[in-house]
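# Chain and residue survey
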Amino acid sequence: MAENFSDEGLDRILTYTPGGSGTLDTTLFLAAITTAGFQTRSPDTALDGTKVPNRTTVWSTDYQTVAGGSTRGAGGEPTIGTGAYARKSVVNTDWGAAATNGSGRRRTAAQQSFAQSTAAWSNQNVIGTAIVTASGAGSGVAYGYANFDDASTVAMNAAGITLQVTPYWQHDI
Amino acid sequence: MPSGKVNLAKNSVAFVDDDRVDEPGFYVFTGDHDTTEVDVQDGGEVETDSKGNAATDEQGRLAFVTHPEVVETITVNHEVGWKPTTRVFPSPDGDGFMYEIPEDGED
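The paragraphs below set out a description of the structure included in this document. All values derive from a computational prediction rather than experimental measurement.

Enumeration over the complete set of coordinates arrives at seven salt bridges over all chains. In this structure, Lys51(A) and Asp48(A) form a salt bridge, with 3.0 Å as the shortest nitrogen-oxygen distance. A relative accessible area of 25% means that Lys51(A) is categorised as partly exposed. Overall, Asp48(A) belongs to the partly exposed group, its relative accessible area being 27%. Between Lys5(B) and Asp93(B) there is a salt bridge, and its shortest N-O distance comes to 3.0 Å. Placement of Lys5(B) in the segment before β1 (12-16) and of Asp93(B) in the loop between β5 (70-90) and β6 (97-98) is noted, with a sequence separation of 88 residues between them.

Right, here's the structure in full:
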């Protein structure tokens, strides 16, 4: 049996998620994820530059607010307000037009800069970002989680550091 | 106009640098609320390869999870139509945000 989406169909989906007049979320937010988090609901696999929270993670409870060591998850986002960490608001007009990439269609956003740190973040080793629907802790959902393309870990361990990422959103056929 | 530190238990602050605001900076977001009920699943059973390692797809994702079970239903709070409103500033002590520009510098 064969099945696949079409490019024109994917482009229509991409007008809703994110960007476009009919989008569910006119603003999304980038949140940092760190090595303080865990990959699975049972905290047995710590996150690193090649691991992100798995598919059954529930952002508002498991990942963002539940302390590490719990069977519920991790608590791996830096504390909002410590060292000037806050989620980066991404307005829907930041997302570029859909273009073919590999086996799918991709919208890439303008480069996003978190605010420059004023001190070390509470969880300092950043291994990627989540695209989430809410500005505040304990709310919303995460559409997904991603490591950095180079599998690096960024140390937000002092004042004067600016974390920059270029998020993209892709649906495969 | 509120003063002092922002109560982050009651207020959401995010960083904004687009044309919704006059100047890049930290802003309190406000708007409406909504809730949805979400079934929370456990991790299910993860398939393993011949060496006992968790089976993943070509991108390292744990794609082969079977028999996940709903362990509870939770209420998720949503921000609906939230927008940046009041600008705030990092606290000089590195802990939280203030409604006024700190005396020892801006953000």
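Having put the structure on the table, let's press on.
Glancing now at the pairing of strand β2 (residues 25-41) of chain B. Residues and elements named next belong to chain B. Examined bridge by bridge, β1 and β2 share five bridges and lie antiparallel to one another. Its bridge partner lying in β2, Ser 12 is registered against Phe 29. Bridging between β2 and β5 involves 14 bridges; their strand directions are antiparallel. Within the sheet, the bridge partner assigned to Thr 30 lies in β5 and is Lys 83.

At the interface, 35 residues of chain A touch 29 residues of chain B. For the pairing of chain A and chain B, the buried interface totals around 2,400 Å² over both sides, and the portion due to carbon and sulfur atoms is 56%. One salt bridge in this structure joins Asp17(B) and Lys88(A), with 2.9 Å as the shortest N-O distance. At the surface where chain A touches chain B, the tally comes to eleven residue pairs in polar contact (both at pLDDT 80 or more). At the level of secondary structure, the elements contributing two or more residues to the side of chain A that touches chain B comprise β1 (27-34), α2 (59-63) and β2 (87-91) of chain A.

In this description, a pair of aromatic rings is defined by centroid distance and the angle of the planes. Residue and element names in this part refer to chain A. Within this structure, the stated rule accounts for nine aromatic pairs over all chains. Summarising the aromatic geometry, the rings of Tyr 85 and Trp 121 are spaced 4.7 Å apart at their centres and angled 65 degrees between planes, so their arrangement reads as edge-to-face. Highlighted residues: Tyr 85 in the loop between α2 and β2 and Trp 121 in the loop between β5 (112-113) and β6 (125-132), separated in sequence by 36 residues. Of the two residues, Tyr 85 and Trp 121, neither departs from the other in class, the shared state being buried. Through a chain of ring-to-ring contacts, the aromatic side chains of Tyr 85, Phe 114 and Trp 121 assemble into a single cluster. The lysine or arginine in question, Arg 106, covers the ring of Tyr 168, its NZ or CZ lying 3.4 Å from the ring centre.

Calculation notes
- Residues numbered from 1 in each chain as written.
- Chains lettered and ligands numbered in written order.
- Predicted model: local features only at pLDDT ≥ 70, side-chain atom pairs only at ≥ 80, totals over all residues.
- Heavy atoms only, no water.
- Salt bridge = Lys/Arg side-chain N within 4 Å of Asp/Glu carboxyl O.
- Buried < 20%, exposed > 50% of the residue type's maximum accessible area, 1.4 Å probe, protein only.
- Helix = DSSP H or I, 4+ residues; strand = E, 2+ residues; numbered from the N terminus.
- Pairing = 2+ DSSP bridges.
- Contact = heavy atoms within 4.5 Å.
- Buried area = accessible area lost by both parts, 1.4 Å probe.
- Polar contact = N/O pair within 3.5 Å; in protein donor to acceptor, adjacent residues only side chain to side chain.
- Phe/Tyr/Trp six-rings, centres within 6.5 Å; stacked < 30°, edge-to-face > 60°.
- Lys NZ or Arg CZ within 6 Å of the ring centre and 35° of its normal.

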